[in-house]
Amino acid sequence: MQNTKDYQSAFLNYLETFSKVREPKNLYEPVHYILNLGGKRLRPVLTLMSADIFNCDYNEALDAALSIEVFHNFSLIHDDIMDAAPLRRGQQTVHEKWDTNTGILSGDAMLIMAYQLFENYEPDIFQALAKLFSKTALEVCEGQQYDVDFETREDVTIPEYLKMIEYKTAVLVGAAMKMGAIVAKASEKDQNGIYEFGRLLGVAFQLQDDYLDAFGNPKTFGKQVGGDIIENKKTFLYLKALHFLGASEKLQLEQLFSVNLKDNQEKIETVKQFFIASGSAKATQNEIENYTKQAFSVLETLSISEEKKMQLQQFGNALMTRKV
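Nothing here was measured: the structure is a model prediction, and the numbers come from that model. (Residues numbered from 1 in each chain as written. Predicted model: local features only at pLDDT ≥ 70, side-chain atom pairs only at ≥ 80, totals over all residues. Heavy atoms only, no water.)

Quick word on the overall build of the protein
Moving on, step 1. Counting its secondary structure elements, the protein contains 16 helices and 2 strands.
Moving on, step 2. In terms of overall size, the protein behaves like a compact globule, its C-alpha atoms giving a radius of gyration of 20 Å where 324 residues would be expected to give roughly 20 Å.
Moving on, step 3. By its C-alpha atoms, the protein is 60 × 50 × 35 Å across when sized along the principal axes.
Moving on, step 4. Looking at the 324 residues of the protein, the share that counts as buried comes to 55%.
Moving on, step 5. Put simply, 71% of the contacts in the protein that link residues at least 6 apart link residues at least 24 apart.
Moving on, step 6. Total accessible area on the protein is roughly 15,500 Å²; 50% of this is exposed by carbon and sulfur atoms.
Moving on, step 7. Taking the 34 positively charged and 45 negatively charged side chains of the protein as two groups, their mean positions are separated by 3 Å. (Helix = DSSP H or I, 4+ residues; strand = E, 2+ residues; numbered from the N terminus. Rg over C-alpha atoms; globule rule 2.2 N^0.38 Å. Buried < 20%, exposed > 50% of the residue type's maximum accessible area, 1.4 Å probe, protein only. Contact = heavy atoms within 4.5 Å. Areas by Shrake-Rupley, 256 points an atom, 1.4 Å probe, with all protein chains shown as cover. Lys, Arg positive; Asp, Glu negative; His and termini not counted. Charge placed at Lys NZ, Arg CZ, Asp CG, Glu CD.)

Describing the nonpolar core
Moving on, step 1. Counting 109 residues, the largest nonpolar core has F197, L207, L253, F275 and L312 as the members making the most contacts within it.
Moving on, step 2. No other element matches the 17 residues that helix α8 (residues 158-183) contributes to this core.
Moving on, step 3. Residues contacting L312, with those up to four places away along its chain left out, are M49, I53, M177, I194, F197, L299, L302 and I304. (Core = buried A, V, L, I, M, F, W, Y, C linked by side-chain atoms within 4.5 Å.)

Some remarks on the packing of aromatic side chains
Moving on, step 1. One pass over the structure, following the stated rule, counts 11 aromatic pairs.
Moving on, step 2. Taking the centre distance of 4.7 Å and the plane angle of 80° together, the rings of Y115 and F133 count as edge-to-face. Taken together, the residues span a long stretch of sequence, with Y115 in helix α6 (residues 100-116) and F133 in helix α7 (residues 123-150) at a distance of 18 residues.
Moving on, step 3. Owing to a relative accessible area of 30%, Y115 belongs among the partly exposed residues under this scheme.
Moving on, step 4. F133 gets classed as buried once you look at its relative accessible area, which sits at 2%.
Moving on, step 5. Summarising the aromatic geometry, the rings of Y211 and F215 are spaced 5.0 Å apart at their centres and angled 35° between planes, so their arrangement reads as tilted. Taken together, the residues span about one helical turn, with Y211 and F215 both in helix α9 (residues 188-215) at a distance of 4 residues.
Moving on, step 6. According to the relative accessible area criterion, Y211 is buried, its value standing at 16%.
Moving on, step 7. On the basis of relative accessibility, which here comes to 23%, the residue F215 falls in the partly exposed class.
Moving on, step 8. The rings of F71, F74, Y115, F118 and F133 are connected pair by pair, giving a single aromatic cluster.
Moving on, step 9. Between R22 and the ring centre of Y28, over which it is positioned, the NZ or CZ distance is 4.6 Å. (Phe/Tyr/Trp six-rings, centres within 6.5 Å; stacked < 30°, edge-to-face > 60°. Lys NZ or Arg CZ within 6 Å of the ring centre and 35° of its normal.)

Comments concerning α9
Moving on, step 1. In this model, α9 (28 residues) spans 40 Å end to end at C-alpha, consistent with the 40 Å of a helix rising 1.5 Å per residue.
Moving on, step 2. Within α9, 23 of the 28 residues are buried, which leaves it mostly tucked inside the rest of the structure. (Expected span 1.5 Å × (residues − 1).)

As for the pattern of salt bridges
Moving on, step 1. Within the structure shown, the criterion is met by 13 salt bridges.
Moving on, step 2. With its nearest N and O atoms 2.9 Å apart, the salt bridge here joins R41 to E69. Taken together, the residues span a long stretch of sequence, with R41 in the loop between α2 (25-35) and α3 (42-53) and E69 in helix α4 (residues 62-83) at a distance of 28 residues. The residues R41 and E69 share a single accessibility class, namely buried.
Moving on, step 3. R199 is paired through a salt bridge with E166; the nearest N and O atoms lie 3.4 Å apart. Taken as a pair, R199 in helix α9 and E166 in helix α8 lie far apart in primary sequence, 33 residues in all. (Salt bridge = Lys/Arg side-chain N within 4 Å of Asp/Glu carboxyl O.)

Let's talk about the environment of Q144
Moving on, step 1. Tracing the backbone shows Q144 in helix α7.
Moving on, step 2. The sequence separation of Q144 and M164 amounts to 20 residues, and the corresponding C-alpha distance is 7.6 Å.
Moving on, step 3. Look past the residues within four positions of Q144 in its chain and what remains in contact with it is D79, M82 and K168.

Focus on the layout of surface pockets
Moving on, step 1. The space that makes up the second largest pocket amounts to roughly 250 Å³.
Moving on, step 2. As for the second largest pocket, its lining consists of D124, I125, A128, K131, L132, K135, K178, I182, Q191 and Y195.
Moving on, step 3. At the level of elements, α7, α8 and α9 are the ones that each hand at least two residues to the lining of the second largest pocket.
Moving on, step 4. Top contributing element to the lining of the second largest pocket by residue count: α7, with 6 residues.
Moving on, step 5. For the lining of the second largest pocket, the per-class residue count stands at 5 nonpolar, 1 polar and 4 charged. (1 Å grid on protein atoms, 1.4 Å probe; cavity = no way out; pocket = protein on both sides within 12 Å on 5 of 7 lines; lining within 4 Å. Points joined across faces, edges and corners; volume = space filled by probe spheres on them. Nonpolar A, V, L, I, M, F, W, Y, C, P; charged D, E, K, R; others polar.)

Here it is, written out as structure tokens:
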């Protein structure tokens, strides 16, 4: 098993050969632009790592890894349009740099290009990859719709929230790992096991993202701390706090999440105190630990060496401490 930087390097070299600008330029330039905005390339790295774990030359999984990354970035283009977001990774979003119609059409092209990459595999692997991909893509859309619906609902439950982040984020992590196993021709049991490992770790990762949004270090988090609070997002922290608080304090928190202010610093600090005092912050940390432990317990079911299980656990720990 290689280290993460080896997988990243192999993927970036392959990406370079893929994301050439073709004609018509107004369709393909945005594709080239979004694919080269950077990022840690977590999902394709997971695909390559998974293939390697199951004794396959990870270079054979590059097309599957690229498909996952193309799909992920397609979803970002459309998410940014829906959110009217001006920036992505510190740069202009596609619809801002070009226009909304271009963003929609270039995104559509990327979805088709993601499927095309499976054509480089033999029929049975192609079929397995396409079946998994279609299921996952639809779940990601469902997760996005849940997220949109939650913005206007006041009765979102914790199980509903966990389902939303599973579909919007975690299933793609699970699929990325299962794709590597499919290319490696691992057993169905191992394919499903590595999917579960990725899915559970994906939920833990998103919950930790919620936590760090409120309590992270601005220098290392990579995003504005308190962004979810400013946007009145009903995160796990918020929902847990409502569950724990008494009627009066619950009303205060709900009122804070019903307003948009010019200066949000006081609001952020007040909400964070509610999260701490209610026990929500601690409960969120416990839930992150719970999902991480569940993910690691799945490793025991995989038909791989103890050394590889340990390496996957080390990767999971590094992911949860934002070191990869």
